[in-house]
Amino acid sequence: MGRSKTKGAKEIDASSMADIAFLLLIFFLVTTTIDQDKGIIHKLPTWSEEPPPDDVRINDRELLEILVNANNQLLVEQDYVELEDLKDIVTKHLDNRGRLPQYSTSPQEAVISLKNDRGTNYGTYIEIQNSLKAGYSEVRNKYALALTGGSMNYKELDDCADNEDLDASKRNTCLGLKKKVQGEYPMKISEAEPVNLGGN
Amino acid sequence: MSRFSKDSGKKETPAISTASLPDIIFMLLFFFMVVTVMRETNPILKIKIPQATELSKIELKESVAYILIGTPTDVNTYGSAPRIQLNDSYAEVENVQFFIKKSYAEVPDAYKGIFTVSLKVDEEVTMGIVTDVKQELRKADALKINYAANRKVLEE
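Residues numbered from 1 in each chain as written. Chains lettered and ligands numbered in written order. Predicted model: local features only at pLDDT ≥ 70, side-chain atom pairs only at ≥ 80, totals over all residues.

1. Things to note about the nonpolar core
Counting 52 residues, the largest nonpolar core has Ile67(B), Ile69(B), Val117(B) and Leu119(B) as the members making the most contacts within it. Here this core takes nine residues from helix α4 (residues 122–147) of chain A, the largest share from any one element. (Core = buried A, V, L, I, M, F, W, Y, C linked by C-beta atoms within 7 Å. Buried ≥ 20, exposed ≤ 12 C-beta atoms within 10 Å, placed from the backbone. Helix = DSSP H or I, 4+ residues; strand = E, 2+ residues; numbered from the N terminus.)

2. Quick notes on the sheet that holds strand β5 (residues 79–81) of chain A
All names here are of chain A. Strand order in the open sheet made by the five strands is β5-β4-β3-β6-β7, with mixed pairing throughout. What marks the edges here is a single partner per strand, and that holds for β5 and β7 (189–191). In this sheet, adjacent strand axes meet at a mean angle of 30° when their direction is disregarded. Two elements, strand β4 (residues 74–76) and β5, share three bridges in a ladder whose sense is antiparallel. When the sheet's bridge partners are listed, valine 76 is paired in β5 with aspartate 79. Contacting β3 (63–68), β4, β5 and β6 (111–116), helix α3 (residues 86–94) crosses the sheet at an angle of about 15° to β4. (Pairing = 2+ DSSP bridges. Axes fitted to C-alpha atoms, helices over the stretch in contact; angles between N-to-C directions. Contact = placed C-beta atoms within 7 Å.)

3. Some words on the pairing of strand β9 (residues 144–148) of chain B
Counting buried residues along β9(B), four of its five residues qualify, which places the element largely inside the surrounding structure. Taken together, the five bridges between strand β2 (residues 38–43) of chain A and β9(B) define a ladder with antiparallel strand orientation. Its bridge partner lying in β9(B), Gly39(A) is registered against Ala148(B). Sheet topology note: the strand β8 (residues 116–121) of chain B/β9(B) ladder contains three bridges and is parallel. What sits directly across from Ser118(B), in β9(B), is Asn146(B).

Here's what the structure looks like:
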């Protein structure tokens, strides 16, 4: 008793602190996942009971028809095409402006139609969706760079329009430019009602 | 020189101080707490989500409902045909509509406008089941969807 009085309050032993922290760390490593909430955003058409009217035909020239069968093979405008070439075809179709007879007359009119089989692989489907989106972003980027004199691409315009740290006037300029790019190259991807295209 | 070595030889080498070890571990702990999220569902399906380049990030988890499609991990009990997982259990295509409506009702009012359905689908699954789910989503009027994908590692 007397000894402890003379020595003063003892220091708390902190050597087990590391063990406790390790335990917590391992607990969190096991129960959590690194977040991966990324993906390709897509908009579905609204549901209607009656089938779409037949007379709404888009000019064949404006329509880029993509078919995928159960063997994950692509048919673009009746031609067999490799997946890697799809993006270039999309950009050609969008930015054709009436030059080649098989592609669109103007980007505003251009429509891409995608039809897949029930047996198509989901991985292939996503790669196609990705190629279509990539094609659109390529032409949009090009146009955005031309509008801003090479300083901003479409993605940067989009970020700038949503960035709340910037002042309102700058944001509005970005938003205006973004709208202009979207107006020039509207994304029109139409997915047909599911059918069986065969292939196996 | 000789005196120097004698001096050091006399003393014992001091033990490495571990006083800062808890601090280091805590730092790691906080890092993991910040960058990770709690696992919400039990893995009852094997899902390898595809890779893509044109990715958008979903900012608000509160406004998202998840539909998982993949092959069951327990093949012996549930077979190898692709199944749908809603919350923590297997479901059929017919259950999707109700699940989506329920999830939508649970979303805070402020986020209802950006309600998104995230489809986490295994890349080996065929489109048939995915198309069925998409038709159900259209019926449930949940039109904004997200095909979950990882960033593609460039080959070149």
